[in-house]
Amino acid sequence: METITKFYRSFKAIGLPSKTIPIVLLLYCFGTLFESVGIGMLLPIFEIINAPNDQNIANYSGLSKTIMDAVATIGISINLQNLLAISFSLFLLRQIFIYTRLVYLPKTKGNFIKRIRDRAFSRYLKADTTYQDSTPLGKIINDLTTEVDRAGNAAIKYMVVGGQILNASIYIIILTFMSAKITLSVLLIICFSTIILRKLFKKVRSTSFLISGANRNLSTFLAEKIKSTRLIRLCSNENLETVKIENQTGTQRDNIVNMQIFLARTSVIIEPIFVLSVFVLLFTSKKFFGLSTGETGLFIIILLRIIPIIKELVENSQSVIALYGSLNVVETRLEEMNQAKERRDGGKIFHGIRKSIEFKNVSFTYDKNRRTLKKINVKILPKQITAVVGPTGSGKSTFVDLLPRLREPDEGKILFDDNILSSLDITTLRKKIAYAPQNPQIINTTFLEYIAYGNKDKSMSSIERSARLSGAHEFISKKPKGYKTFVGEDGGNLSGGQRQKIDLARVLLRDASILIFDEPTSHLDLKSRESFLKTLRKLKTKISKTIIIIAHDIQKISFVDKIIVIKNGKIAKIGSHKKLIQSKNWYSETLKQNK
Ligand SMILES: Nc1ncnc2c1ncn2[C@@H]1O[C@H](COP(=O)(O)OP(=O)(O)OP(=O)(O)O)[C@@H](O)[C@H]1O
Ligand SMILES: [Mg+2]
């Protein structure tokens, strides 16, 4: 019972509509009712066949009489052909319910799987950056494909089990009417076989978790290694990685085979138990329970009908348990993503900054043991170019991630004019901020669509203008299909510098007033670098953009209005180029060394 409710709660949690289970159960219920009454009709049919000349209801007794009375009440005369016709009609009615069920179940499964996938993908997109960063790609893809499919199968099998329990119960009730004693013996046999199978059920459950775990590990391994084939080749690790995958696929195969062994054992054990029970009944029905030949015949027909139902019921129950691991994975994944939902509080429409962006005692931590940003106090002024510099790993990218709220500070506050950043509407905030990250994430589409990604309704001429400003136009126009050329998965058809240029074009196309560039020129040649920095100056003077640029190449940024030096997560120095070179600090020292 506990398992049944646990499954039910899980299905509800991952989005199975409440009406589905009752509909399936009703379809089963009507199907069985028509079938069982149809079978029940066989009793008077047998008796009439036994005594063809006796069609007087009063001469019959028990269930036969009840059925004949019912037929007579609806105005149908009792004879063999009428009874046969009614029995057949009832079977036909049952077929209609079976057909409806057979169509409804896969449709429900399809909808259910689709809904989970849509929901999971949307939740993943809405989860915070930390969650997205820390979830391996292979795991998430596995969960959204294989595991969701398996969870869908579990839901369908669960409902089928419910229907089959109902089916079997209706037959058992009918049997009880015929002979309570025999039915009791049948039930005892069923209980006994369930006890024998309990151990197997437990093994199936634990193996189901092992299968889900192995699926996840394999997907994670594949996603990671397929992305790193160059590294593997350059390190001559092909054989080592092949051995690793052999271990992974071996574990997966073993678990799947074990599961099939447990399922086969159930299947093999259950049938002899039932066949034996039929034999015992055959032997004892007349001697001990005093059933007539007709009643014994009907009893056996019903039993023969129940046996496959119970056999399937046991097998399906095992399959549901076998899929529990996947159901659990999907439920946990959906819940985790919901917990990690990005904070989107704050409703003030953001129009841009007038006075300043101010960090007040802002701290940020990735892992509990070490703070990445420590009590940052700094002001960034509008319509200026601010450069953020500092050693590798000092916290520069983390610092700019806070502005479009990709990450939230643990302490302190960030003010956009007089508004705390978290009070601003996140959608309008992100519309006004254009951000070119350190490692551009390029999606596989055409140059045209990539540059216009997130920039609806942009004209071809404005797209081309941005591409010219970033230096991308030159190489795009040389492609046979120009802007309609595909960039390849993760920009795989492009050089490092070309990737960077199309991402810069994307950012320059945005109608944003704050532009953030994280190492925008790191992959560019000298000429492209100078040309891009010139573009930045133009953007500041001509269209008054507020620009924040992270730069390693500090020789080239002396023109900026303000330089912020971050070292070990702290602000080490702030000032103009002129001011900073007058004292000894990371900026002036690094400049000297690079001369
Ligand atoms: N997603 C993350 N999870 C945990 N730690 C992280 C994560 N991203 C960065 N870090 C750590 O935070 C610190 C600051 O990283 P950040 O990327 O901000 O440095 P950076 O100054 O931009 O460095 P670089 O100049 O190399 O780009 C580093 O020690 C880094 O290891
Ligand atoms: Mg960085």
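Residues numbered from 1 in each chain as written. Chains lettered and ligands numbered in written order. Predicted model: local features only at pLDDT ≥ 70, side-chain atom pairs only at ≥ 80, totals over all residues.

**Some remarks on the overall build of the protein**
The helix and strand tally for the protein stands at 21 helices and 10 strands. A compact globule built from 595 residues would reach a C-alpha radius of gyration of about 25 Å, whereas the protein, at 36 Å, exceeds it by more than 25%. Dimensions along the principal axes, computed over C-alpha positions, put the protein at roughly 120 × 50 × 50 Å. For the protein, buried positions account for 34% of its 595 residues. A sequence separation of at least 24 residues applies to 78% of the contacts in the protein between residues at least 6 apart. (Helix = DSSP H or I, 4+ residues; strand = E, 2+ residues; numbered from the N terminus. Rg over C-alpha atoms; globule rule 2.2 N^0.38 Å. Buried ≥ 20, exposed ≤ 12 C-beta atoms within 10 Å, placed from the backbone. Contact = placed C-beta atoms within 7 Å.)

**Considering the environment of L200**
Positionally, L200 belongs in helix α8 (residues 180-227). The spacing of L200 and N493 is 293 residues in sequence and 53 Å in space, taken between C-alpha atoms. Not counting residues up to four positions away in its chain, the partners in contact with L200 are F262, R265 and T266.

**Thoughts on helix α7 (residues 137-178)**
The terminal C-alpha atoms of α7 lie 60 Å apart, and with 42 residues this matches the ideal 62 Å at 1.5 Å per residue to within 8%. At D143, α7 shows its maximal bend, which comes to roughly 35°. (Expected span 1.5 Å × (residues − 1). Bend = angle between axes of the 7 residues up to and from the residue.)

**So, the site of ligand 1**
All residues in the neighbourhood of ligand 1 are listed as D133, Y366, T372, G390, T392, G393, S394, G395, K396, S397, T398 and Q438. With 3 residues, the single largest contributor to the shell around ligand 1 is helix α13 (residues 396-401). Here the residues of the shell around ligand 1 sort into 1 nonpolar, 9 polar and 2 charged. (Near = placed C-beta within 6 Å. Nonpolar A, V, L, I, M, F, W, Y, C, P; charged D, E, K, R; others polar.)

**Quick look at the nonpolar core**
Counting 68 residues, the largest nonpolar core has A387, V388, I451, I516 and I549 as the members making the most contacts within it. Broken down by element, this core gets its largest block of residues, 6 residues, from helix α18 (residues 496-509). Ignoring any residue separated from it by four or fewer positions in sequence, one finds I516 in contact with V400, L403, I433, Y435, A436 and I548. Counting residues in each nonpolar core, the second largest holds 59 residues, with V24, V148, M159 and I306 among its members. (Core = buried A, V, L, I, M, F, W, Y, C linked by C-beta atoms within 7 Å.)

**Overview of unusual backbone geometry**
Phi at S236 is positive, roughly 50°, even though this residue is not glycine. When you line up the elements, S236 lands in the loop between α9 (229-234) and α10 (238-285). Of the residues examined, S236 has 8 C-beta atoms within 10 Å and is grouped as exposed. Unlike most non-glycine residues, K383 shows phi in positive territory, near 60°.

**Structural notes on the environment of P480**
Tracing the sequence through the fold places P480 in the loop between α17 (473-477) and α18. Linking P480 and I549, residues 69 residues apart in sequence, is a C-alpha distance of 34 Å.

**Overview of the packing of helix α3 (residues 42-50) against helix α5 (residues 80-126)**
Contact geometry of α3 with α5 gives a least axis separation of 10 Å together with a crossing angle of 155°. What the angle tells us is that α3 and α5 run roughly antiparallel. The handedness of the crossing between α3 and α5 comes out as left-handed. Between α3 and α5, the contacting residues are L42, P44, I45 and I48 on the first element and L80, L83, L84 and S87 on the second. Counted by class, the contact of α3 with α5 contains 7 nonpolar, 1 polar and no charged residues. (Axes fitted to C-alpha atoms, helices over the stretch in contact; angles between N-to-C directions. Parallel < 35°, antiparallel > 145°, perpendicular 65-115°, else oblique. Left-handed = near helix turned anticlockwise from the far one by under 90°.)

**Quick notes on the sheet that holds strand β10 (residues 570-575)**
Each strand in a sheet pairs with its neighbour through backbone hydrogen bonds, running either in the same direction (parallel) or in the opposite one (antiparallel). Strand order in the open sheet made by the 6 strands is β6-β7-β8-β3-β9-β10, with mixed pairing throughout. Strands with a single pairing partner mark the edges of an open sheet, and in this sheet they are β6 (433-436) and β10. Sheet twist, expressed as the average angle between the axes of neighbouring strands with direction ignored, equals 15°. Examined bridge by bridge, β6 and strand β7 (residues 514-518) share 4 bridges and lie parallel to one another. Residue pairing in the sheet places I433 in a bridge with I514 of β7. In this fold helix α19 (residues 526-543) packs onto β3 (385-389), β7 and β8 (546-550), with an angle of close to 155° to the strand it touches most, β8. In the packing of helix α21 (residues 586-594) onto the sheet, contacts are made with β3, β9 (562-567) and β10, and the angle to β9 comes to roughly 95°. (Pairing = 2+ DSSP bridges.)

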